[in-house]
Amino acid sequence: MSEDLHDSQTQIDIFARLGKDLASTTHAETAAWTILDAADQLIGWDACYLILYDPEKPNKPRPLLTVDTIEGKRVVQKGAAPDKPSENMLKAIQQGGFLSLYHKHFDIEPALSFGDYKKRTLSQLFVPVVSGARTIGVLSIQSYESHAYQNDQLDLLNNLASHCAGALERIWAQEALTDLVERLKVFHKAVGEINASLDVERVCQVVYETVIKVMACDDFVVDGYDTKTNEIIPIFAIEHPGRRVYTKKYLADHGLAGEIVRAKKPILFNSVQEMDNSSIQFEFYGSQIDDDPTESILAVPMMLHGEIYGMISAQAYKKDAYNHDDLYLLEVLASHATIAIENARLFDSVQQAAYTDALTSTLNRRRFYELAEIEFEHAKESKQPLAIIMIDVDDFKKFNDQHGHKVGDFVLTKVADTCKSSLRGNDIFGRLGGEEFALVLPNTAYQNALEVAHRLCEQINQLDFNHVLKQFDKTKNLFQADYLLNVSVSIGVAMYDETCKNLDILIDHADQAMYKAKHSGRNQVHVWGS
């Protein structure tokens, strides 16, 4: 390096060009090259790095540029990505910069080094990059020559770092803002789909797909909260690698969701130690309960009109996965998801009410026929067996005439409950009107359908209605006397065959069989065509 570079005017010119070049760029790596090139002109180096790092934030150091001279050529080191700041970085921040001189080769932890591992730099300068009161990084230049630097060069490098700090902070802030804007664009698109959906599962799926696009997320959970039972109700859960899992409800006196429900505040953990220190008794789920790999957790409450509805949580298998921008984004997403999930639930409850018989809580006539039609068409196409069973309460009019409509309603409710408790999940059961019920048995052969019919007939006939009514009288105070009730049903069974061109014909066959049972003495089962 020629002596005239130490001339004050030369330094002024370099700093002037540096300021002009930094003002014209918004690209961090370009800015780093500009700064390190100025350091080379002012002082000279064989290896160098410029790393962004704010000790007030939990984020990992972010190398902007690391360069080494290998066999006479300067090579950018792409693999430098430390998980934590090195001792030299922390020392530079604490002391305001320092000079290190070595006389021979020394070993260094590979994870904290870069470049040509066959030799080490023997002269090193480290200075913090400080803008105002905020440290934003560390600048280091190094030489393979012994005693290549002195304190004058340390002062000059500190001056360089101070000169470029404002520009670096601006570029860093612009990058962060650009990143946030891009992530908000993803959110904006997702919010439209979330608000348009009335299906809880779809809402949760869109929220999950959005989260994995904008932040680290190996596991994902949406939990609801039942205020009446004080229970956490699982709504949606994903376990790495994108596998849907199903969990059980639990009391809200523990667990991550329990803590969210209690405090109504978000939680951000970036290490296992932070989780352990929280004293939360976590509720584990999935396939890795014994050795949970989670190292970072972000969880936010689902709130609406000041009321707590549950929790949304993203979890990562690495440390320091989340920052306050992630927290903000998840809170925004949770606010929309809460409204959408509640709207979906309200829609579902309204739809359920439109499909349900108000007295017996079974399917009403309209919904029964809609579902029965689907099963009928499926049986026609698949050639699988299909049975229809018609059930009618015997002498029902006498219950209303002799004891009043409340007793009659109670009989219908108990008959319906008995039938529902004896059926499979895919069977279709509904009240067609009055005292008449109907049952569709998909993929059920004749003999099995007949067994179901006889079982229902027998179970209803064996119900002790008098004992039930005495209890009902005591708890509800609706009946003032003991009633001698003998309840039975007449049942008709019909099987789908090729003569049934439509559902109405099949139901009519079962209906005719039911009336034959009534005319034959009641409390019995008849089959169409027998």
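Structure first, text after, so check above.
Residues numbered from 1 in each chain as written. Predicted model: local features only at pLDDT ≥ 70, side-chain atom pairs only at ≥ 80, totals over all residues. Heavy atoms only, no water.

Undergrad: What should I look at first to understand the pattern of salt bridges in this one?
TA: Any two side chains of opposite charge can pair, given that their charged atoms come close. Inspection of the entire model under this criterion finds 20 salt bridges. We note a salt bridge from Arg244 to Glu201, for which the minimum N-O separation is 3.0 Å. Pair noted here: Arg244 is in strand β9 (residues 243-244) and Glu201 is in helix α5 (residues 200-214), with a separation of 43 residues, a long-range link. In this structure, Asp417 and Lys420 form a salt bridge, with 3.8 Å as the shortest nitrogen-oxygen distance. One end of the pair is Asp417 and the other is Lys420, both in helix α11 (residues 405-420) and 3 residues apart, which spans about a single turn. Under the relative-accessibility criterion, Asp417 is labelled partly exposed at 31%. Overall, Lys420 belongs to the partly exposed group, its relative accessible area being 32%. Through salt bridges with shared partners, a single ionic network connects Asp54, Arg134 and Glu169. (Salt bridge = Lys/Arg side-chain N within 4 Å of Asp/Glu carboxyl O. Helix = DSSP H or I, 4+ residues; strand = E, 2+ residues; numbered from the N terminus. Buried < 20%, exposed > 50% of the residue type's maximum accessible area, 1.4 Å probe, protein only.)

Undergrad: What's the story with the sheet that holds strand β16 (residues 436-442) in this structure? I'm lost.
TA: Consider a sheet: its strands pair through backbone hydrogen bonds, and that pairing is either parallel or antiparallel. With respect to topology, 5 strands assemble into an open sheet ordered β15-β16-β14-β17-β18, the strand pairing being mixed. Where the open sheet ends on each side, the last strands, each with one partner, are β15 (428-433) and β18 (525-527). Direction aside, the axes of adjacent strands within the sheet are offset by 20° on average. When strand β14 (residues 386-393) meets β16, the two strands line up antiparallel, connected through 7 bridges. In the sheet register, Ile389 faces β16, and the bridge partner there is Leu439. Relative to strand β17 (residues 489-495), helix α14 (residues 503-519) is tilted by about 145°, and along the sheet it contacts β14, β16, β17 and β18. (Pairing = 2+ DSSP bridges. Axes fitted to C-alpha atoms, helices over the stretch in contact; angles between N-to-C directions. Contact = heavy atoms within 4.5 Å.)

Undergrad: How should the nonpolar core be read in this particular structure?
TA: As a rule of thumb, nonpolar side chains are buried together in soluble globular proteins. Formed by 38 residues in total, the largest nonpolar core has its most connected members in Ile35, Leu139, Ile141, Leu157, Leu160 and Leu168. Taken together, the elements giving at least two residues each to this core come down to α1 (8-23), α2 (28-42), β1 (47-52), β2 (62-70), β5 (123-131), β6 (134-143) and α4 (151-196). Ranked by residues supplied to this core, first place goes to α4 with 11 residues. Among all residues touching Ile35, those that are not within four sequence positions of it are Leu18, Leu22, Leu50, Leu139, Leu160, Cys164 and Leu168. Of all hydrophobic cores here, the second largest spans 34 residues; its members include Val203, Val206, Leu298 and Ile312. (Core = buried A, V, L, I, M, F, W, Y, C linked by side-chain atoms within 4.5 Å.)

Undergrad: What's the story with the sheet that holds β1 in this structure? I'm lost.
TA: Spatially, β3-β2-β1-β6-β5-β4 is the arrangement adopted by the 6 strands of the open sheet, whose pairing is antiparallel. Since the sheet does not close on itself, it has two edges, and those belong to β3 (73-76) and β4 (98-101), each with one partner. Each strand axis lies, on average, 15° off the axis of its neighbour in the sheet, ignoring direction. The pairing of β1 with β2 spans 5 bridges and is classified as antiparallel. The residue of β2 that forms the bridge with Leu50 is Leu65. Where α2 meets the sheet, it contacts β1, β2, β3 and β6, and its direction lies at approximately 45° from that of β2. Set on the sheet, α4 makes contact with β1, β2, β4, β5 and β6; between it and β5 the angle comes to about 45°.

Undergrad: I'm lost on unusual backbone geometry in this one. Help?
TA: It is generally the case that most residues other than glycine have a negative phi and that most peptide bonds are trans. Of the consecutive residues His240 and Pro241, the connecting peptide bond is found in the cis state with omega at 5°. Even without glycine at this site, Asn230 takes up a positive phi of about 55°. Considering the arrangement of structural elements, one finds Asn230 in the loop between β7 (219-226) and β8 (231-239). With phi around 50°, Asn523 is a residue other than glycine that occupies positive phi space. Note that Asn523 resides in the loop between α14 and β18.

Undergrad: Whenever I open this one, the layout of surface pockets confuses me. Can you help?
TA: Empty space among the atoms becomes visible once a probe the size of a water molecule is rolled across them. Computed from the structure, the largest pocket encloses a volume of approximately 910 Å³. For the largest pocket, the lining is made up of 27 residues, of which Asn59, Trp172, Asp179, Asn323 and Asp325 are closest to its centre. Residue assignment for the lining of the largest pocket shows that the elements contributing at least two residues are α4 and α8 (324-355). The leading source of residues in the lining of the largest pocket is α4, at 6 residues. A breakdown of the residues in the lining of the largest pocket according to their chemical character gives 11 nonpolar, 3 polar and 13 charged. (1 Å grid on protein atoms, 1.4 Å probe; cavity = no way out; pocket = protein on both sides within 12 Å on 5 of 7 lines; lining within 4 Å. Points joined across faces, edges and corners; volume = space filled by probe spheres on them. Nonpolar A, V, L, I, M, F, W, Y, C, P; charged D, E, K, R; others polar.)

Undergrad: Please explain the pairing of β2 as it appears in this structure.
TA: Side chains on a regular strand alternate between the two faces of the sheet. Two strands pair when backbone bridges link them, and β2 and β3 are joined in this way by 4 bridges, in the antiparallel orientation. Looking at β3, one finds that Thr69 is bridged to Arg74.

Undergrad: Help me out: how do you make sense of helix α6 (residues 255-263) in this one?
TA: One full turn of an α-helix is made of 3.6 residues, so residues set three or four places apart face in the same direction. Within α6, burial applies to Gly255, Leu256, Ala257, Gly258, Ile260 and Val261. On its buried face, α6 is in contact with β7, β8, β10 (250-251), β11 (267-269), β12 (296-304) and β13 (307-316). Count one or two residues on from α6 and you reach Lys264, which has phi positive near 55°.

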